[in-house]
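# Results of the structural survey
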Amino acid sequence: MNCLFCEIIKGNIPSSKVYEDEYVYAFRDINPQAPVHILLVPKVHISSVDEINAENSVYVAKIFEKIPEIAKSENLGGGYRVITNCGADACQSVKHLHFHILGGTQLIEKMG
Ligand code: 5GP
Ligand code: ZN
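Residues numbered from 1 in each chain as written. Chains lettered and ligands numbered in written order. Predicted model: local features only at pLDDT ≥ 70, side-chain atom pairs only at ≥ 80, totals over all residues. Heavy atoms only, no water.

The immediate surroundings of ligand 1 are formed by 16 residues, with Arg 28, Asp 29, Asn 85, Ser 93 and His 100 found nearest. Interatomic distance of 3.4 Å between a backbone N/O atom of Cys 91 and an oxygen atom of ligand 1. At a separation of 2.9 Å, an oxygen atom of ligand 1 approaches a polar side-chain atom of His 100. Burial of ligand 1 by the protein amounts to 83% of the accessible area it has alone, namely 520 Å². Elements that contribute at least two residues to the shell around ligand 1 include exactly α1 (4–10) and β2 (24–28). Looking at which element gives the most residues to the shell around ligand 1, the answer is α1, with 3 residues. (Near = heavy atom within 4 Å. Polar contact = N/O pair within 3.5 Å; in protein donor to acceptor, adjacent residues only side chain to side chain. Areas by Shrake-Rupley, 256 points an atom, 1.4 Å probe, with all protein chains shown as cover. Helix = DSSP H or I, 4+ residues; strand = E, 2+ residues; numbered from the N terminus.)

This paragraph deals with the coordination of the zinc ion (ligand 2). Taken together, the protein ligands of the zinc ion (ligand 2) are Cys 3 (SG), Cys 6 (SG), His 45 (ND1) and His 96 (ND1), with distances of 2.0 to 2.3 Å. One can describe the donor arrangement at the zinc ion (ligand 2) as tetrahedral, given that its 4 donor atoms subtend angles of 104 to 116° at the metal. Since its relative accessible area comes to 16%, Cys 6 is described here as buried. (Donors = N, O, S within 2.8 Å, 3.2 Å for Na, K, Ca; no water. Tetrahedral: all angles 85-135°; square planar, octahedral: opposite > 155°, others 65-115°. Buried < 20%, exposed > 50% of the residue type's maximum accessible area, 1.4 Å probe, protein only.)

Further remarks concern the sheet that holds strand β5 (residues 99–103). The strand order β1-β2-β3-β5-β4 describes an open sheet built from 5 strands, whose pairing is antiparallel. Each edge of the open sheet is held by one strand with a lone partner, namely β1 (17–20) and β4 (80–83). Neighbour-to-neighbour, the strand axes of the sheet open up by a mean angle of 15°, direction not taken into account. Summarising the sheet, β4 and β5 pair through 4 bridges and their orientation is antiparallel. When the bridges of β5 are listed, Arg 81 appears paired with Leu 102. Across the face of the sheet, helix α2 (residues 57–73) comes into contact with β1, β2, β3 (36–42), β4 and β5 while running at roughly 155° to β3. (Pairing = 2+ DSSP bridges. Axes fitted to C-alpha atoms, helices over the stretch in contact; angles between N-to-C directions. Contact = heavy atoms within 4.5 Å.)

Time to look at α2. The end-to-end C-alpha distance of α2 is 25 Å, a good match for the 24 Å that 17 residues give at a rise of 1.5 Å each. Helix geometry: α2 is bent most strongly at Ile 67, by close to 30°, with proline Pro 68 lying one to four residues after it. Taken residue by residue, α2 has Tyr 59, Val 60, Ile 63, Lys 66, Ile 67, Ile 70 and Ala 71 as its buried positions. Looking at the buried residues of α2, the elements they touch are β1, β2, β3, β4 and β5. (Expected span 1.5 Å × (residues − 1). Bend = angle between axes of the 7 residues up to and from the residue.)

Another point: the environment of Ile 13. Along the chain, the position of Ile 13 falls in the loop between α1 and β1. If we ignore the near neighbours within four places in the chain, the residues touching Ile 13 are Leu 4, Glu 7 and Ile 8.

So, about the pattern of salt bridges. Taken as a whole and judged by the stated rule, the model has 5 salt bridges. Lys 17 serves as the salt-bridge partner of Glu 20, at 2.8 Å between the closest nitrogen and oxygen. A relative accessible area of 33% places Glu 20 in the partly exposed class. Lys 66 is the salt-bridge partner of Glu 69, the closest N and O atoms lying 3.0 Å from each other. Highlighted residues: Glu 69 and Lys 66, both in helix α2, separated by 3 residues, approximately one helical turn. (Salt bridge = Lys/Arg side-chain N within 4 Å of Asp/Glu carboxyl O.)

Have a look at this one:
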């Protein structure tokens with residue numbers, strides 16, 4: 001399987017790491033859409049939200065446990081947005097589940 005984020009997790013492709021543990025890898029988006037733009041990915045290959053199930057949902061829980069900590073360390077006390085794109089209609093471009101944290105500025109109201 002040729003997956004960009006699996007290669008980033010393995011360290012085969014460099015990334016700007018923000019946090020890592022046995023479940024979660026967090027790194028800065030290469031093309032930031034806000035002053036703070038971080039991606040959190042599970043350390044197992046899950047293609048999208050559509051593939052979350054009872055066996056792998058612990059990875060999602062671990063990601064969400066880390067989001068407030070990362071937000072705090074990135075000084076996002078004013079608020080932030082957490083987004084995941086799932087499938088073609090949502091313009092998911094990398095087929096490895098990832099959650100975007102966006103913040104550091106006033107975000108636009110529109111999401112779709
Ligand atoms: P999606 O469009 O699938 O929701 O988000 C994919 C995100 O991955 C995009 O925001 C894009 O900028 C980011 N991205 C794509 N390739 C790379 C890369 O090689 N390194 C990093 N750090 N981010 C990437
Ligand atoms: Zn992957």
